[in-house]
Amino acid sequence: SPSPAAPCGAGPALSPLDNAMDGGAQQSSLREPPGPGGTEQEGVPGERDGGEGPPEVKRSQPLFIHGSSRQLPEEEEPRASSLPSIPNPFPELCSPSNSPILSSPAPGQGPPREGASHVVKVFGEDGACRSLEASAGTTARQLCETLVRRTRALQDHSWALVELHQHLALERCLEDHESVVEVQSSWPPGADSRFVFRKNFAKYELFKSNASLFPEVMVSSCLEANKSMAHSELIQNFLNSGSCPEVQGFLQLREAGRKVWKRFHFSLRRSGLYYSTKGTSKVRARRGGTARGCGGAGSDPPLPPQDPRHLQYFADLNESNIYYVTQGKKHYGTPTEFGFCIKPYKVRSGAKGLKLLCSEDEQSRSCWMAAFRLFKYGMQLYRNYQQAQARLSQPPWIGPMPLRSVSDNTLVAMDFSGCTGRVIENPSEVLTVALEEAQAWRKKTTHRYSLPAACQSSPLSAAIHRTQPWFHGRISREDTQQLIGRQGLVDGVFLVRESQRNPKGFVLSLCHLQRVKHYLILPSEEEGQLYFTMDDGQTRFADLIQLVEFHQINRGILPCKLRHYCTCVAL
């Protein structure tokens with residue numbers, strides 16, 4: 001089983017990156033696996049070159065003594081066993097269980113050896129697979145960077161490697177510093193487990209100032225129990241090893257070996273996860289609105305600090321990993337769809353030993369998951385975020401740029417009223433122009449945005465939006481919500497798809513406040529020209545590309561701007 005992650009560093013403030021701790025300087029040894037005849041043979045320790053004369057004995061090598069084939073008589077055996085045992089001064093060299101020379105671990109047992117190459121299979125969201133050869137020290141970040149270069153995808157810090165256990169309906173996003181080979185070696189032989197390469201926009205959302213992952217009713221501090229803190233101050237409190245933050249709230253726990261769920265009050269601290277044995281209730285079926293958890297509307301008021309006599313130790317953070325439960329009702333009978341699981345390192349296969357929990361809404365589940373990561377990894381998690389931000393300012397590779405549309409970070413407000421365009425730098429002018437353009441937006445007369453009438457449509461105009469990575473064709477509403485949920489319920493995550501109810505329309509699916517909303521886009525015709533609108537013709541667009549680019553800069557009728565598009569790359 002994999003060893004626990006390194007302990008987090010201490011520090012009351014979010015300090016800059018230390019060059020000595022920068023993992024970006026490590027070079028990954030990733031390459032395509034060779035053919036059947038191209039494997040390298042490692043030298044066998046203990047062999048010597050042929051020649052005359054006795055072999056040279058080195059002090060750093062064990063001396064192999066070939067025992068005689070003569071068998072001791074039966075009367076000599078008790079005498080030999082009665083001899084005093086002489087302790088071995090070098091057990092690490094001669095012990096078969098610990099010596100790397102006399103024994104080699106079996107596949108799937110023990111940590112991977114340094115310097116040895118391992119084959120890692122990575123799957124895409126379309127089910128395609130690619131095999132890579134990696135060393136034992138290859139991290140998840142290095143593997144993602146290699147896949148980004150080979151798929152010619154847009155380089156950003158949202159690409160992630162997901163550990164998926166299909167037979168258990170569990171998945172989690174690997175942290176950037178985790179060893180891929182070490183995680184793979186913890187899987188049991190023949191298990192239906194895999195790595196999936198996909199986007200995860202919520203990976204570092206907890207470090208952004210506008211994030212609201214921690215409701216005040218769920219977070220308390222032993223030092224400042226009644227003081228409300230800003231988000232940045234709260235994150236510093238989590239990262240500071242000298243502080244004592246605590247996340248508490250009601251969760252539903254599944255009894256071991258049964259599909260019966262009980263409701264407990266849990267407390268997550270640096271020392272582990274605890275629950276109160278006082279005042280529990282069984283949950284055998286889903287009850288609408290009667291068993292609300294902290295963090296949602298109509299939730300129960302927070303309980304006072306629990307009496308230590310009623311607290312029961314539940315899980316160790318440093319000896320476990322936390323997973324999302326993808327199909328909780330089908331596999332485990334969860335009361336809601338917001339289940340998660342704590343899987344100890346010692347649990348290798350099967351559902352026995354899994355600690356299944358269930359929250360009442362997505363906000364409370366995200367709070368528990370984020371707090372678990374902060375308590376377990378600490379400053380290492382923040383260093384990963386700083387390294388990811390630093391890589392965005394550097395060119396990821398030298399060569400042709402990837403064939404992808406620009407990100408929202410490169411979009412600026414422009415003024416094309418004169419002979420040449422200019423960048424609007426005044427924020428008040430940007431707001432004024434945006435409001436005027438949103439109210440009086442009309443079809444452009446340039447050839448780029450002009451489309452023929454519906455009766456004279458050409459194949460090019462009908463497929464102009466199909467080349468965009470945010471367009472997903474005929475995908476259902478349920479599949480859309482699952483795709484956005486897998487890639488992160490972050491404000492501004494969106495995609496465009498064809499409408500199932502209106503054969504000529506389209507749907508813009510957008511995530512806001514951890515919920516997916518759908519907006520119908522209808523085509524219309526005026527004076528023989530085709531345009532698209534979402535507000536009954538008040539704001540018109542010549543095509544879907546113009547519609548998306550406008551809402552990447554302006555909110556319009558949407559609750560937020562379009563920030564991240566869902567995309568799937570082919571491996």
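For the structure, check the block above.
Residues numbered from 1 in each chain as written. Predicted model: local features only at pLDDT ≥ 70, side-chain atom pairs only at ≥ 80, totals over all residues. Heavy atoms only, no water.

### Section: the packing of helix α7 (residues 362-377) against helix α8 (residues 379-392)
Basically, it comes down to this: The angle between two axes is taken between their N-to-C directions and runs from 0 to 180 degrees, where each axis is a line fitted to C-alpha atoms and a helix contributes only its stretch in contact. We count a stretch as a helix when DSSP gives it H or I for four or more residues in a row; a strand needs E for two or more, and each element gets its number in order from the N terminus. Should an angle fall under 35 degrees it is taken as roughly parallel, and over 145 as roughly antiparallel, whereas 65 to 115 is taken as roughly perpendicular and any remaining angle as oblique. The contact rule is simple, with two residues in contact once any of their heavy atoms fall within 4.5 Å. Each residue is assigned to one class: nonpolar for Ala, Val, Leu, Ile, Met, Phe, Trp, Tyr, Cys and Pro, charged for Asp, Glu, Lys and Arg, and polar for all the others, Gly among them.
Direction vectors running N to C along α7 and α8 enclose 105 degrees, while the axes themselves pass 6 Å from each other. Relative to α8, the element α7 lies roughly perpendicular. Of α8, the residues touching α7 (which contributes R373, L374 and Y377) are M379, Q380 and L381. Taken together, the residues of the contact of α7 with α8 break down into four nonpolar, one polar and one charged.

### Some points on the packing of aromatic side chains
This is how the line gets drawn: Paired rings are identified among Phe, Tyr and Trp, the last through its six-membered ring, by centres lying within 6.5 Å, and are further divided according to the angle between planes into stacked (under 30 degrees), edge-to-face (over 60) and tilted (the rest). Each residue gets one of three labels from its accessible area relative to the maximum for its type: buried under 20%, exposed over 50%, partly exposed in between, using a 1.4 Å probe on protein chains only.
Following the criterion strictly, the structure yields 17 aromatic pairs and no others. Relative to Y382, the ring of F207 lies with its centre 5.3 Å away and its plane at 65 degrees, an arrangement referred to as edge-to-face. With F207 in the loop between β5 (193-199) and β6 (219-221) and Y382 in helix α8, this residue pair connects regions lying 175 residues apart in the sequence. Take F207 and Y382: they sit in the same class, and that class is buried. Aromatic pair F471 and F506: ring centres 6.1 Å apart, planes at 65 degrees, arrangement edge-to-face. One end of the pair, F471, is in the loop between α10 (459-462) and α11 (477-486); the other, F506, is in strand β18 (residues 506-512), and 35 residues separate them in sequence. Considered together, F471 and F506 belong to a single accessibility category, that of buried residues.

### As for the pairing of strand β1 (residues 117-123)
Note the threshold: At least two bridges found by DSSP between two strands are what make those strands a pair.
Here β1 runs beside strand β2 (residues 129-135); their pairing, made up of seven bridges, is antiparallel. Within the sheet, the bridge partner assigned to S117 lies in β2 and is S135. Taken together, β1 and the strand that follows it, β2, pair antiparallel across an intervening segment of five residues, in which G127 is found at a positive phi of about 95 degrees. Bridging between β1 and β5 involves two bridges; their strand directions are parallel. Among the inter-strand pairings, F123 is bridged to a residue of β5, identified as V196.

### Focus on empty space enclosed by the protein
Rule in force here: Buriedness for pockets is judged along seven lines, at least five of which must meet protein on both sides within 12 Å for an open set on the 1 Å grid over protein atoms alone, while cavities are sets there where a 1.4 Å probe fits but cannot get out, and lining residues have an atom within 4 Å of a point. Grid points are joined across faces, edges and corners, and a volume is the space filled by probe spheres set on the points. Bear in mind that the domain bounds are from an automatic or database domain assignment.
Taken as a whole and assessed by the stated rule, the structure comprises two cavities of 30 Å³ or more. Approximately 160 Å³ is the volume found for the largest cavity. Lining the largest cavity are 18 residues, with R141, D156, H157, W159 and R391 sitting closest to its centre. If you list the elements that add at least two residues to the lining of the largest cavity, you get α3 (140-151), β3 (159-165) and α8. Across the lining of the largest cavity, the residue classes tally to 10 nonpolar, two polar and six charged. Residue-level mapping places the lining of the largest cavity at the junction of two domains, with at least three residues from each of domain 1 (118-199) and domain 2 (205-284 + 307-392). Taken as a whole, the second largest cavity spans an internal volume of roughly 50 Å³. Around the second largest cavity, the lining residues are L251, L268, L273, I322, F340, I342, L357, W368 and F372. Counting residues per element, the ones that place at least two in the lining of the second largest cavity are β13 (339-344) and α7.

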